[in-house]
Amino acid sequence: MINLKKLLLKLLQKETIIGESNESYLNLMYPIGSEFITATNMNPGTWLGGTWTLVDKQFSQLYAASNEGVLTGITWDSTNVQPHATNARNITVLRTGHTLKVYAVWYNKVAIGEDDFHCFDLDTTAFGMSSGRICGQQGIEADGLAAIGMSHDTPAYSPSATISCTAEDWVTYGTSYSANTGSGMITSFEVVPGSLSAMNDSACDRFYWKRTA
Amino acid sequence: MINLKQLLLKLLQRNQKIGESSNSYLNQIYPINSVVITNNNNNPSTIYGGTWTLIHKDFSITSWEDGTSPASQTDTVFTFNSTYWTPANYCAIIRCPNFIMVRLQCQNKLALSNTNMKDNTVQIGSFNLSRLGITEDGGFSQMFVIGADGLNMTGMGRFRKNGNTWDVCVDDWVGNGTVTAYTSGTGSNCYLTFYIYPRFEYKLDSACDKFYWKRTA
């Protein structure tokens, strides 16, 4: 823990050496290269002086769990996925650091096995991210078989506000995955922003500033 | 712009901590919405005054890792379920500021098939949560892929809270249908890696070394 009184004494004792300018004190307390953290996007230069550059920010923690499968920002594919009344759906999103972590459970409505089996879309803007990409994907697991790979295709090959959870292909073990069998499906993955600017200030609670001059 | 020298002189002349009698000094150094970091769970208000709210914690970095003697056996951070698995020669758990990376290797005792292992009936093992640095609550489920030696079979598992423990379970296996090498007791190597992202309120203070405080008043 900082002993502020000792720090202040040292600063004053050095007065004869460093002079009396405000910049000299700033250089002692926050020399160039120092970092300062704020909870909102407010530049420390406005009250401390000096030149400060935003070098990082992090999301405030948000934990959102669906109520009977309904969660703002999630749109289930009603063609492929069963409604909650038939079988439970659940989805949770944990926003922390720089990422959204998604965990979802649902049941099939049509036969599993086709390529590009679309399950749901996630709107990143509902979670404070203007656009993002899937990473850390762990596949989509259906009861007794596994889909390896998920597509991110809206649009392809660039960050998007719409993250598509889609099984690209399936490795089949059983044969019981026809339409309306209600086979449980499950996945987890992460969504990361392409840049700091994709993280909305209102969704962040730590802004890291570096003194550059 | 503040005059730092005048500020410091006033502080010392009054021989008081910032904020004890007035927030004006505090406002000049740490205005509302500033963030300070402490290395333990001591509210900065006891030093600076004002009102501060804890908004985040970071784990201290540590690891349990042993290439020849599994961490699960020597450190009891993770315990393999000996009914189904034999710990192999690698087990690594690395705790980073915001997540815990888990890397396990084990060998099967049962046949690796969807008949024997499905629907989380086969537990790979469980964590000692307090050793890991998290509380009993706040589990965040996650899927992971299990690779079996030779990659003719792949499983998917789930890391999840199960009562008062956090289990690592097998959900299902898939294969080419003609694999014969993964029968009971063959000791085929299985590999899995996943990350644990606990909410900050579920991180034990004793496992953290950075506490982020936001000044709210």
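Residues numbered from 1 in each chain as written. Chains lettered and ligands numbered in written order. Predicted model: local features only at pLDDT ≥ 70, side-chain atom pairs only at ≥ 80, totals over all residues. Heavy atoms only, no water.

J.: For the overall build of chain A, give the residues involved together with the corresponding values.
T.: Of the regular secondary structure elements, chain A holds 4 helices and 13 strands. The proportion of buried residues among the 213 residues of chain A is 50%. Of all intrachain contacts in chain A linking residues separated by at least 6 positions in sequence, the fraction that spans at least 24 positions is 74%. If you sum the accessible surface of chain A, you get close to 9100 Å²; carbon and sulfur atoms cover 51% of it. (Helix = DSSP H or I, 4+ residues; strand = E, 2+ residues; numbered from the N terminus. Buried < 20%, exposed > 50% of the residue type's maximum accessible area, 1.4 Å probe, protein only. Contact = heavy atoms within 4.5 Å. Areas by Shrake-Rupley, 256 points an atom, 1.4 Å probe, with all protein chains shown as cover.)

J.: Talk me through the environment of A:Gly97; I want residue IDs and the actual numbers.
T.: Residues and elements named next belong to chain A. Of note, Gly97 is situated in strand S4 (residues 90-97). Accessibility expressed as a relative area gives 7% for Gly97, which makes it buried. Sequence-wise, Gly97 and Asp205 are 108 residues apart; in three dimensions their C-alpha atoms are separated by 9.9 Å. Leaving out residues up to four positions away in the same chain, Gly97 has contacts with Gln58, Phe59 and Met199.

J.: Explain the packing of aromatic side chains to me, using residue names and the numbers behind them.
T.: Scanning the entire structure with this criterion turns up 19 aromatic pairs over all chains. Consider the rings of A:Phe120 and A:Phe189, whose centres lie 6.3 Å apart with planes at 20°: the pair is stacked. Taken together, the residues span a long stretch of sequence, with A:Phe120 in strand S6 (residues 117-123) and A:Phe189 in strand S12 (residues 184-192) at a distance of 69 residues. When sorted by exposure, A:Phe120 lands in the same class as A:Phe189, which is buried. The rings of A:Tyr30, A:Phe36, A:Trp47, A:Trp52, B:Tyr30, B:Tyr48 and B:Trp52 are connected pair by pair, giving a single aromatic cluster. Over the ring of B:Tyr197 we find A:Lys101, and its NZ or CZ is 3.4 Å from the ring centre. (Phe/Tyr/Trp six-rings, centres within 6.5 Å; stacked < 30°, edge-to-face > 60°. Lys NZ or Arg CZ within 6 Å of the ring centre and 35° of its normal.)

J.: Before we move on, can you summarise unusual backbone geometry with the specific residues and values?
T.: For residues besides glycine, phi is generally negative; the peptide bonds are generally trans as well. Even without glycine at this site, A:Glu68 takes up a positive phi of about 55°. The phi angle at B:Asn33 is positive, at roughly 85°, despite the residue not being glycine.

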